[in-house]
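Structural features, examined
Residue-level listing of the chains:
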Amino acid sequence: FAPDLVVNLLPPDLALGAMNLAIKAKADYIDGTLAGVPEIPSFTSLLSDQFTKFTEFQSIGKTAVCGAGFIPGAVSTIIRRALCCDFKKVDNIDLISVPSEKKGPKAKGRRKVEIDDTLYSEDVKPTTSGTSLSSFLDKIDSSKKVFYIKDGNVAEIDHFEVDRKSSCGNTVYLTSSPMLTDLLKEMPDVENARFFKPGKKPNVEHVPPQDELDLLEDLGLLSAIPVKVGDVEVAPVDLLAAILPKMEDNNNPEGEEVKNVGTASFEIYISGIGMDDKEIIKSYIIKGDNDLSYENYGVDAFEELKGTALIAGVRMMCTDKWSKPGVFTPAAFDCDEYYEVFTSSGIAVVEGKKRPAKQTPD
C-alpha cells in the first residue's frame with residue numbers, strides 16, 4: 001500500500017521523521033506547525049527545519065506543505081489576501097493573540113509585590129547568576145529579548161518594553177513568533193510587523209531571611225573550610241547548599257497549565273495606503289469559543305482553529321490545488337482559494353475599518 005498523502009499530526013519535533021516517511025513512500029506531505037524555527041531569524045536562515053527536505057521532495061516530484069494550521073497558514077493567507085485586495089502599500093502589521101478573554105472586575109491600583117522569604121540554596125552559597133528570585137524570573141521572562149520586523153530588518157527588544165490593548169481590553173506584550181518569521185521570509189515587502197500576546201510581569205521579590213542566615217553563621221554552617229566527616233572532607237556551606245531548595249525548583253514562572261475559558265481572539269491590524277491612494281487601517285478578527293471547543297473536541301479554541309485550517313489544507317492537496325515539487329508554506333499558493341476553503345469550513349474572519357483599542361506609547 002502506498003499512500004498519496006501523509007498528514008502529520010505528531011508533535012513538531014517529530015516532523016522531520018514524518019517527512020522522511022513520506023519521502024520513502026513517494027507521497028505528498030502536510031502538517032500544521034513549523035518546527036525548529038530560529039529564535040531570532042535572519043535573511044540567510046531557513047524558515048524552519050522542514051525546509052532542509054526541499055531538495056528531497058523536489059527530486060521525487062512531490063509536494064510538502066508545512067505550517068498549514070492556523071499559524072502561520074490561515075493567518076498568513078488572510079494577510080496576503082489583504083495585501084492583494086485592499087492595499088497598494090503596507091506600512092505596519094500588528095498581530096494580537098489572546099487565547100482566553102479576561103473576565104471579572106479589573107483590579108484598581110498597582111499590583112502588590114509579594115515577598116518570598118524562603119531560605120534557598122543560593123542564599124547560603126551565591127552563584128554568579130544572582131541570588132534573588134526576581135532576578136531569576138527576569139532572566140527567564142521579562143529581560144528575554146524578543147524580535148519584531150522594523151524597516152525591513154529584524155529588531156530585538158525586551159519582552160515587556162512595549163504593550164498594547166486587545167479589542168476586548170486585555171493587556172498584551174510584544175513577543176517573538178513563527179508568524180513573524182513567515183512574514184519575513186514569504187512577504188518581504190512587509191517592512192514593519194509585530195506580534196503581541198498576554199504576559200505576566202514578575203511581581204515576586206525574594207528577601208533572604210537574615211535571622212536564619214545569622215543563626216547558621218553563628219553555628220559555623222556557612223563556613224567554606226572543609227571538615228572531615230568519616231573519610232570525606234566537606235565544607236559545611238556545600239552540604240547546606242546541597243540540601244536546601246533551589247529557586248528554580250521552587251519558583252517555576254510558567255506555573256501549572258491553565259485551561260483557557262471564554263472567548264479566544266486573534267486580531268490582525270494592517271495600516272497603509274489603500275487602493276484609492278488614501279491612508280487606511282483595516283482589521284481582520286477571528287474569534288473562537290473555548291468552552292464550546294472543549295465540549296465538542298476536548299481542545300481549546302485555538303487548537304480547533306488549527307485543526308480546521310489543517311483540514312482545509314488537506315482538501316487543497318487532495319484536489320491538486322497545492323501541487324508543486326518541494327517544501328512550501330501555504331503562502332506559496334493562491335491565497336483566495338485557501339481562504340475560501342477554510343472560511344467555509346468554520347474560520348470566520350470579521351473585516352473592519354478601525355484602530356486597535358487605545359495604545360500606550362512605544
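Residues numbered from 1 in each chain as written. Predicted model: local features only at pLDDT ≥ 70, side-chain atom pairs only at ≥ 80, totals over all residues. Heavy atoms only, no water.

On the surface, Leu215, Leu219 and Leu221 cluster together into a nonpolar patch covering about 280 Å² of accessible area. Its place among the elements puts leucine 221 in the loop between helix H7 (210–218) and strand S12 (227–229). (Patch = residues over 30% accessible without salt bridge, like charges linked within 9 Å, V, L, I, M, F, W, Y side chains within 5 Å. Areas by Shrake-Rupley, 256 points an atom, 1.4 Å probe, with all protein chains shown as cover. Salt bridge = Lys/Arg side-chain N within 4 Å of Asp/Glu carboxyl O. Helix = DSSP H or I, 4+ residues; strand = E, 2+ residues; numbered from the N terminus.)

Position of asparagine 192 relative to the elements: it lies in the loop between helix H6 (178–186) and strand S10 (193–197). Of note is the side chain of asparagine 192, whose polar atom sits 3.0 Å from the backbone oxygen of aspartate 91. A polar contact of 2.9 Å, which involves the side chain of asparagine 192, links it to the backbone nitrogen of aspartate 151. Excluding its chain neighbours within four sequence positions, the residues that come into contact with asparagine 192 are Asp91, Asn92, Ile93, Ile149, Lys150 and Asp151. (Polar contact = N/O pair within 3.5 Å; in protein donor to acceptor, adjacent residues only side chain to side chain. Contact = heavy atoms within 4.5 Å.)

Applying the stated criterion across every chain, the model contains eleven aromatic pairs. Look at phenylalanine 70 and phenylalanine 302: their rings are 6.2 Å apart centre to centre, the planes differ by 20°, and that puts the pair in the stacked class. Within this pair, whereas phenylalanine 70 is found in helix H3 (residues 70–85), its partner phenylalanine 302 is found in helix H11 (residues 301–318), the two being separated by 232 residues in sequence. On the basis of relative accessibility, which here comes to 4%, the residue phenylalanine 70 falls in the buried class. Taking relative accessible area as the criterion, phenylalanine 302 reaches 16% and is therefore assigned buried. With a centroid separation of 5.5 Å and 25° between ring planes, the pair formed by tryptophan 322 and phenylalanine 333 is classed as stacked. Within this pair, whereas tryptophan 322 is found in the loop between H11 and strand S16 (326–328), its partner phenylalanine 333 is found in the loop between S16 and helix H12 (335–344), the two being separated by eleven residues in sequence. Across the pair, phenylalanine 333 and tryptophan 322 agree in class, each one buried. Pairwise contacts between aromatic rings join Phe54, Trp322, Phe328, Phe333, Tyr338, Tyr339 and Phe342 into one cluster. (Phe/Tyr/Trp six-rings, centres within 6.5 Å; stacked < 30°, edge-to-face > 60°. Buried < 20%, exposed > 50% of the residue type's maximum accessible area, 1.4 Å probe, protein only.)

With that settled, consider the nonpolar core. Counting 48 residues, the largest nonpolar core has Ile79, Leu95 and Ile268 as its most contacted members. At nine residues, H11 tops the list of elements feeding residues into this core. In this structure, leucine 95 is in contact with Val75, Ile79, Met179, Leu183, Arg194, Phe195, Phe196, Phe266, Glu267 and Ile268, ignoring residues within four places of it in sequence. Ranked by size, the runner-up nonpolar core spans 16 residues in total, among them Ala18, Leu34, Ala35 and Cys66. (Core = buried A, V, L, I, M, F, W, Y, C linked by side-chain atoms within 4.5 Å.)

Further remarks concern unusual backbone geometry. Most peptide bonds take the trans configuration, and most residues that are not glycine carry a negative phi. The omega angle of the peptide bond from isoleucine 71 to proline 72 is 0°, so this bond is cis rather than trans. With respect to the helices and strands, the residue proline 72 is situated in helix H3. Even without a glycine there, the phi angle at aspartate 151 is positive, about 55°. Tracing the backbone shows aspartate 151 in the loop between strand S6 (145–150) and strand S7 (153–158). Aspartate 151 gets classed as exposed once you look at its relative accessible area, which sits at 53%.

Pairing of strand S1 (residues 5–8) with strand S2 (residues 28–31), which is carried by four bridges, proceeds in the parallel orientation. Across the sheet, the residue bridging to asparagine 8 is aspartate 31, located in S2. For the crossover from S1 across helix H1 (residues 15–25) to S2, the handedness is right-handed. (Pairing = 2+ DSSP bridges. Right-handed = clockwise from strand over helix to strand, strands pointing away.)

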